[in-house]
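For reference, the chains in residue letters:
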Amino acid sequence: MIQLTPENEHNEQAELFRKLFETAAEGILLINQNGTITLANRRVERIFRYPSGTLTGQSIDVLVEESRRTVHSHHIRHYLNNPSHRPMGIGLELSGQCADGTLVPVEISLTYTTTANGHTVVMALVNEISKRREFEQQRELAAKLHMELEKAHELQSIQSNLVSLIARKFRDPLAVIQMSADTLRLHFNQLSSEERTAEFAQISEQIASLAEMLDDFLKLTRAHEGKHSPSLAYHNLGEFFARILDAFTSNDQLHTIELNASGDLSNVMVDIDMLEHIITEVVTNAVKFSPSGGSIKVTIERAVNEINISVRDEGIGIPIIDRGHLIQPFFRASNTQDIPGVGLGLVIARNYLRLHGGILRIDSQEGVGTTVNISLPIIRLTPPQELVTPS
């Protein structure tokens, strides 16, 4: 019978530690306070393609990408003076340099201990993550392809709906144009000057309506094809909103449009043409879907990181059953059939807002009214005064 003495037990524990160290699935490095590798297991030697035993005694810098060694040397010295535990879950992802000069992506976690004589010893656990990186890249590519496919399907659906919509929506204006043209052609001499003017005005009005629809179709397809990008510049949004709403009030005696502005709106970076389309569309809807008139309240305020805009009306509101479909191209609420429109304006406005990183939310109650809330992030690039070109 073999009896274990303290010395035998110590030797067995040391042998067990050596076997565990050499067969560990992770690469393991022990580094002294001078940044010198004092111990390296087989796995880490295989990761960095070093012959057995050749890493020990070398500086840890030899495993760092050559172009980053100066920076890394500073970091390792800082870490050795201020060590901390960094688990693998929040480990560092780096590119390590192999013995043959090639780079390998690795994840590193760090821990440390202090010896009896007060020296710091750092242990680095190293995982090669080439396969994980490749998997993540494939997953990102698959997600991108999926998004592109969804975008293509959506665009195809829009184009299909567009053909059908053109056949329906263009029929009435074209019929009116044809009728007025026939009246002028067949009865021009019998018509009074006022009657001729009325017929020409009818034709012009219908052509303008067709042009507006075609413009909306073009904007929608361009937005979905990614052909729009914001042209950013600093603008005074207080003056901008006053100008936009003045245009509405001068042509509308049925509604009261009230503007409340707060915060510094003097220098906000936006694509002013896109923002004009967004606000014009939202306010136009507030007017259009409030056929009995009433108050329309527009509020704009500057918060710390965003501009918050709301447009509230007292109109017909949106039925509950329709609220989930409002941003679908060509969709129109069930209570708007007698009100002109094609169901594209809000979709285009939402797309423009997305290009700015903004969010559009709609709160509505049928028979009470609708509030459209817009959050527009504040973009900070160059201070406004630096954008002015000296004359």
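Right above here is the structure, for reference.
Residue positions are given per chain, counted from 1 along the sequence in the order it is written. For this predicted model, a pLDDT threshold of at least 70 governs which residues receive local features, and a threshold of 80 or more governs which side-chain atom pairs are given and counted, while totals over whole chains, interfaces and linings are taken from all residues. Side-chain numbers come from the whole structure's heavy atoms, not from hydrogens or water.

**Q** Just to check I follow, could you spell out the overall build of the protein chain for this structure?
**A** For the protein chain, the count of helices and strands is nine helices and twelve strands. The burial tally for the protein chain puts 36% of its 391 residues in the buried class. Throughout, a contact is declared for two residues whenever any of their heavy atoms are within 4.5 Å. Long-range contacts, defined as pairs at least 24 residues apart, comprise 60% of the intrachain contacts of the protein chain with a sequence gap of at least 6. About 23,400 Å² of surface is accessible on the protein chain, with carbon and sulfur atoms providing 53% of the total. The numbering of helices and of strands both runs from the N terminus, where a helix is a DSSP run of H or I of at least 4 residues and a strand a run of E of at least 2. Only protein chains enter the accessibility calculation, which uses a 1.4 Å probe; a residue whose area is less than 20% of its type maximum is buried, one above 50% is exposed, and one in between is partly exposed. The Shrake-Rupley method, run with a 1.4 Å probe, gives the accessible areas here. Residue values count only the displayed protein chains as cover.

**Q** It is not clear to me how the layout of surface pockets should be interpreted in this structure. Could you clarify?
**A** Empty space among the atoms can be located by rolling a probe the size of a water molecule over them. Points on a 1 Å grid, built from protein atoms alone, make a cavity when a 1.4 Å probe fits but cannot get out and make a pocket when they are open with protein on both sides within 12 Å along at least 5 of 7 lines; residues with an atom within 4 Å of a point are the lining residues. Grid points are joined across faces, edges and corners, and a volume is the space filled by probe spheres set on the points. In this structure, the largest pocket occupies an estimated 1,200 Å³ of space. Considering the residues around the largest pocket, the lining is formed by 44 residues, among which Asn-285, Lys-288, Pro-340, Gly-341 and Val-342 are closest to the centre. Mapped by element, the contributors of at least two residues to the lining of the largest pocket are helix H4 (130–169), helix H5 (171–187), helix H6 (193–224), helix H8 (272–288), helix H9 (345–355) and strand E12 (369–377). No other element matches H8, which puts eight residues into the lining of the largest pocket. For the lining of the largest pocket, the class distribution of residues is 19 nonpolar, 14 polar and eleven charged. In this classification, the charged set is Asp, Glu, Lys and Arg, the nonpolar set is Ala, Val, Leu, Ile, Met, Phe, Trp, Tyr, Cys and Pro, and all remaining amino acids, among them Gly, are polar.

**Q** Sorry, what's going on with the environment of Arg-302 here?
**A** Mapped onto the elements of the fold, Arg-302 is located in strand E9 (residues 294–302). From its side chain, Arg-302 meets the backbone oxygen of Asp-264 in a polar contact 3.0 Å long. Residues adjacent in sequence count toward polar contacts only when both atoms are side-chain atoms; beyond that, a polar contact is any pair of N or O atoms within 3.5 Å, and within protein one must be able to donate a hydrogen and the other to accept it.

**Q** Please clarify how the pairing of E12 should be interpreted in this entry.
**A** Look at any regular strand and the pattern is simple: side chains alternate between the two faces of the sheet. Of all nine residues in E12, eight are buried; the element is thus mostly enclosed. Pairing of strand E10 (residues 306–312) with E12 involves seven bridges; the strand directions are antiparallel. Residue pairing across strands places Ser-310 opposite Asn-373, the latter belonging to E12. Sheet analysis places strand E11 (residues 359–365) next to E12, joined by seven bridges and oriented antiparallel. Of the residues in E12, the one forming a bridge with Arg-361 is Asn-373. Any two strands with at least two DSSP bridges between them are considered paired. Connecting the antiparallel pair E11 and E12 is a turn made up of three residues, with Gly-367 showing a positive phi of about 80°.

**Q** Hey, could you run me through the packing of aromatic side chains in this one?
**A** For any pair of aromatic rings, the description consists of the separation of the ring centres together with the inter-plane angle of the planes. Whether two aromatic rings pair depends on their centres lying within 6.5 Å, for rings of Phe, Tyr and Trp, where Trp uses its six-membered ring; planes under 30 degrees apart make the pair stacked, over 60 edge-to-face, and the rest tilted. Inspection of the entire model under this criterion finds two aromatic pairs. Considering the side-chain rings of Phe-240 and Phe-241, the 5.4 Å spacing of their centres and the 85° angle between planes classify their relative orientation as edge-to-face. When sorted by exposure, Phe-240 lands in the same class as Phe-241, which is buried.

**Q** Sorry if this is basic, but what is going on with the sheet that holds E11 here?
**A** Pairing between the strands of a sheet comes from backbone hydrogen bonds, and it takes one of two forms, parallel or antiparallel. The sheet built from five strands is open, its strands ordered E7-E9-E10-E12-E11 with mixed pairing. Each edge of the open sheet carries a strand with a single partner, namely strand E7 (255–262) and E11. For this sheet, the mean angle separating the axes of adjacent strands, direction not counted, is 10°. One ladder, built from eight bridges, connects E7 with E9; its direction is parallel. Its bridge partner lying in E9, Ile-257 is registered against Ile-296. Packed on one face of the sheet, helix H7 (residues 237–250) meets E7, E9 and E10 and runs near 175° to E7. Here the axes come from fitting lines to C-alpha atoms, over the contacting stretch only for helices, and the angles between their N-to-C directions go from 0 to 180 degrees.

**Q** Just checking my understanding: could you explain unusual backbone geometry for this structure?
**A** Note: most peptide bonds trans; most residues except glycine with negative phi. For Arg-49, which is not glycine, the phi torsion reads 60° and is therefore positive. Residue placement: Arg-49 occurs in the loop between helix H2 (42–47) and helix H3 (69–81). Overall, the relative accessible area of 45% leaves Arg-49 in the partly exposed class.

**Q** I'm lost on the packing of H7 against H8 in this one. Help?
**A** Between two packed helices, what matters for the description is the angle formed by their axes and the separation of those axes. Between H7 and H8, whose axes approach to 11 Å, the crossing angle comes to 40°. The angle between the axes of H7 and H8 places the two elements in the oblique class. Pair H7 / H8 crosses with right-handed handedness. Counted together, Leu-237, Phe-240, Phe-241, Arg-243, Ile-244, Leu-245 and Phe-248 of H7 and Ile-272, Leu-275, Glu-276, Ile-279, Thr-280, Val-283, Thr-284 and Val-287 of H8 form the full contact between these two elements. In terms of residue class, the contact of H7 with H8 is built from eleven nonpolar, two polar and two charged. Roughly parallel means an angle under 35 degrees; roughly antiparallel means over 145; roughly perpendicular covers 65 to 115; every other angle is labelled oblique. By definition, turning the near helix anticlockwise from the far helix through less than a right angle yields a left-handed crossing, and turning it clockwise yields a right-handed one.

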